[in-house]
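# Coordinate inspection notes
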Amino acid sequence: MEMMLLSILAVGLIAGTCSCQNAQLVRLTDAINDTGAVCLDGSPPAYYFRPGSSDGENKWIVHLLGGGWCFSLEDCAERAGSNLGSTSSVFWPDSTPFEGFLSDLESVNPYFYNWNLVFALYCDGGSFAGNVEEPLTVGDSVIYLRGRRNLDAIIESVLDSGMKNATDVIFTGCSAGATATFVLTDYVGSLMPSGVKYRAFTDAGYFPDTVDTNGSYVFREYLQLVFELHNLKDGVNQNCVSSFPVDEQWKCFIAQYLFPYISTPTFVYNSLYDSVALPGYGQLCLPPNCNDDGLKYIEFFGMEMLQALQVVIDTPNSGLFAHSCLVHCQTLYDDIWNDIEVDGVTAPKAFVDWYNDDSIGSSDQKHKYVDCTLNSNEPCNPTCAAFGYGTA
């Protein structure tokens, strides 16, 4: 079985240069001895922090970096020598700006620009949920699979730094970080101060459990390997785990099976045709460069996404913005975050309307935006034309 997904999904998500206030890197070196929290290579867990201001002083965004998973000891050992397995200064600068939903520019991010930002670095390869007690020897290397401890150390640190006084917390992530958001949102919510308004917001983390272009469940098999290697059974949503037999508990690592067990109000933001996910299912062409066979699988994938998302549509307190653009991690870039529309509504407007609606749960269909589906090499949504089409 070929595993291309690490290279496909391990995307660099720190934004480029802008006139923003930089977030500062915080390395939790004491956590190594205190709790054994370490990255794959033994470096400490870390996060970027930018303080809030004015009426955002007690409002917080906690974002989990994405970047695929590692599915074998050899794969994890290789990953340990990269920015997705280490928080070394070789890979991570002392400060960095952010864009899109994480921007501190009011012109870009008018609803959340002055909130506190915590950007957790992803360095365990198991969506912040794994915990293997003993170090593991791989050739001449020693690696650690302790993502859950890393997340615990980060949450403890930011609670001590002011989040214990929070009035609002949005727990979010992209790609494998969005998978972590699905998996861990109820747990993290249990650590929040009483009375806080706590919501989850996932970006590009809804990967359907479906066949690839060869008719095989390669993506499922890949995530099953990740589930076992990282000992995720104890780290994922326990209400979900207790509802499945042992040989099906891996389903609690896949959003469409996990979603009914999440109690936290959750907004799902996803492309129906994610440009990074599709190659993971063997789809090597993207519009406008697909022949009829390629388009046939893309049409099939879109229908599978819609079916998988039905549970979100049917959940009264959830929100959904499912568009047809060929993009991935759309909250992290100014233009993608602000310019894509579904039914004349942008993602920021859809999300903030959902977030501010204290009556969520009163109607299944409120705050659900589902785009057109593709059946040709041309975008069916004109606001998608600038994103993906013509660059495949």
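The rules we used
Counting starts from 1 at the beginning of each chain's written sequence and moves along it residue by residue. It should be noted that, the model being predicted, local features are given only for residues of pLDDT at least 70 and side-chain atom pairs only at 80 or more, the latter also being counted only at that level, while totals for whole chains, interfaces and linings use all residues. By convention in this description, side-chain values take in all heavy atoms of the structure and omit both hydrogens and water. In predicted models, pLDDT denotes the confidence assigned by the predictor to each residue on a 0 to 100 scale. Any two residues whose heavy atoms approach within 4.5 Å are treated as being in contact. Put simply, a salt bridge is a Lys or Arg side-chain nitrogen that is within 4 Å of an Asp or Glu carboxyl oxygen. Secondary structure elements follow DSSP: runs of H or I of four or more residues count as helices, runs of E of two or more count as strands, with numbering from the N terminus. With a 1.4 Å probe rolled over the protein chains alone, any residue whose accessible area is under 20% of its type maximum counts as buried; one over 50% counts as exposed, and the rest are partly exposed. By convention in this document, the label disulfide applies to cysteine sulfur atom pairs within 2.5 Å.

Quick look at the confidence of the model for the chain now. Of all residues in the chain, 93% have pLDDT values of 70 or greater, and the mean over the chain is 93. Confidence over residues 1-13 falls short of pLDDT 50; this stretch has 40 contacts with residues more than four positions distant or in other chains.

One pass over the structure, following the stated rule, counts seven salt bridges. Residue Asp-358 pairs with Lys-197 through a salt bridge whose shortest N-O separation is 3.8 Å. Of this pair, Asp-358 sits in the loop between helix H13 (347-356) and strand S14 (368-370) while Lys-197 sits in strand S9 (residues 197-203), and the two are 161 residues apart along the sequence. We classify Asp-358 as exposed; its relative accessible area is 68%. One salt bridge connects Arg-220 with Asp-209, and the closest N-O pair in it is separated by 3.0 Å. Of this pair, Arg-220 sits in helix H6 (residues 218-229) while Asp-209 is found in the loop between S9 and H6, placing the two residues 11 residues apart along the sequence. What makes Asp-209 buried here is its relative accessible area of 9%.

Turning our attention to the state of the cysteines. Applying the stated rule across the entire model yields seven disulfides. In this model Cys-70 forms its disulfide with Cys-76; the gap between the sulfur atoms is 2.1 Å. Linking Cys-70 and Cys-76, the disulfide has an S-S dihedral of approximately 90° and is accordingly described as right-handed. An identical accessibility class is assigned to Cys-70 and Cys-76; each is buried. Here Cys-174 engages in a disulfide with Cys-329; their sulfurs sit 1.5 Å apart. Between Cys-174 and Cys-329, the disulfide has an S-S torsion of -80° and is therefore left-handed. Note that Cys-174 is positioned in strand S8 (residues 168-174) and Cys-329 in the loop between strand S11 (319-323) and helix H12 (334-339), a separation of 155 residues in sequence.

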